[in-house]
Amino acid sequence: TDTPSTEILMNMTQATNIKITANTFTATGHGVLYLSSCTATMIVGNFFRGKKDSTAVVTLDADSDNSILTGNYIDGDNGATGMDGVQIITTDDSVITGNVIDANPSGTSYAVSITDSTSFNNVIVGNWLSGASGDINDLGTGTTTGSNE
């Protein structure tokens with residue numbers, strides 16, 4: 001699991017109703033976006049490219065509940081380690097839809113990874129997904145998936 005550090009390009013903590021739209025983010029040696037305790041965040045129409053040495057390009061952690069990721073291109077690029085496209089940790093009721101998520105093609109990586117059973121009722125539908133180990137790693141509770149390619 002990533003922690004807020006120099007391994008993240010953009011780290012946000014304890015924010016509400018943040019909108020991140022129409023941006024290009026490219027990290028040179030780490031993940032791109034790490035949200036911790038950020039509720040009702042809208043992440044729409046962005047390009048994210050992360051590079052090695054981080055567990056995910058985009059991470060929703062520590063009750064980043066009711067977040068929406070839609071219309072984004074999320075790319076794990078090629079790196080020395082596996083890198084998930086989106087990682088969800090202890091986060092509930094978030095929606096991931098209409099995205100292209102291409103995780104790192106090497107190592108252990110998933111397009112979307114829900115890492116724990118205390119992530120409840122997340123929705124992953126209508127995305128194009130690709131990961132070296134599979135499209136979705138779902139350890140969450142009550143996750144809805146469907147119509148992903």
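Above this text is the structure in question.
The structure contained in this document is the topic of the report that follows. (Residues numbered from 1 in each chain as written. Predicted model: local features only at pLDDT ≥ 70, side-chain atom pairs only at ≥ 80, totals over all residues. Heavy atoms only, no water.)

Among the secondary structure elements, N46 is positioned in the loop between β5 (42-44) and β6 (47-49). Of the polar contacts made by the side chain of N46, one reaches the backbone oxygen of V44; its length is 3.2 Å. Ignoring sequence-local partners within four residues, the contact set of N46 consists of I20, T21, A22, N23, F25, G71, N72 and Y73. (Helix = DSSP H or I, 4+ residues; strand = E, 2+ residues; numbered from the N terminus. Polar contact = N/O pair within 3.5 Å; in protein donor to acceptor, adjacent residues only side chain to side chain. Contact = heavy atoms within 4.5 Å.)

Strands in a sheet are paired, the pairing made by backbone hydrogen bonds, and the direction either parallel or antiparallel. Spatially, the six strands line up as an open sheet ordered β1-β4-β7-β10-β13-β16, and their pairing is parallel. The open sheet has two free edges, formed respectively by β1 (8-13) and β16 (134-138), since each of these has just one partner strand. In this sheet, adjacent strand axes meet at a mean angle of 5° when their direction is disregarded. Where strand β10 (residues 84-88) lies against strand β13 (residues 110-114), three bridges are found, and the strand directions are parallel. Pairing of I88 across the sheet is with I114, part of β13. (Pairing = 2+ DSSP bridges. Axes fitted to C-alpha atoms, helices over the stretch in contact; angles between N-to-C directions.)

This part covers the pairing of strand β4 (residues 31-36). With respect to burial, β4 is a largely interior element, six of its six residues being buried. Pairing geometry for β1 and β4, over five bridges, is parallel. Bridging across to β4, M10 finds its partner in L33. Two strands pair when backbone bridges link them, and β4 and strand β7 (residues 56-61) are joined in this way by four bridges, in the parallel orientation. In the strand pairing of β7, L35 is matched with L60. (Buried < 20%, exposed > 50% of the residue type's maximum accessible area, 1.4 Å probe, protein only.)

The strand order across the open sheet built from six strands is β2-β5-β8-β11-β14-β17, with neighbouring strands paired in parallel fashion. Across the chains shown, the open sheet's two edge strands, defined by having one partner strand only, are β2 (19-21) and β17 (144-146). Pairwise comparison of adjacent strand axes, ignoring direction, gives a mean angle of 5° for this sheet. Note that β5 and strand β8 (residues 68-70) share three bridges and pair parallel. Of the residues in β8, the one forming a bridge with M42 is I68.

Next up on the list: the pattern of salt bridges. Per the stated rule, a full pass over the model turns up one salt bridge. We note a salt bridge from R49 to D75, for which the minimum N-O separation is 2.7 Å. A residue pair is termed long-range when its members are at least 10 positions apart, and R49 in strand β6 and D75 in strand β9 (residues 73-75) qualify at 26 residues. (Salt bridge = Lys/Arg side-chain N within 4 Å of Asp/Glu carboxyl O.)

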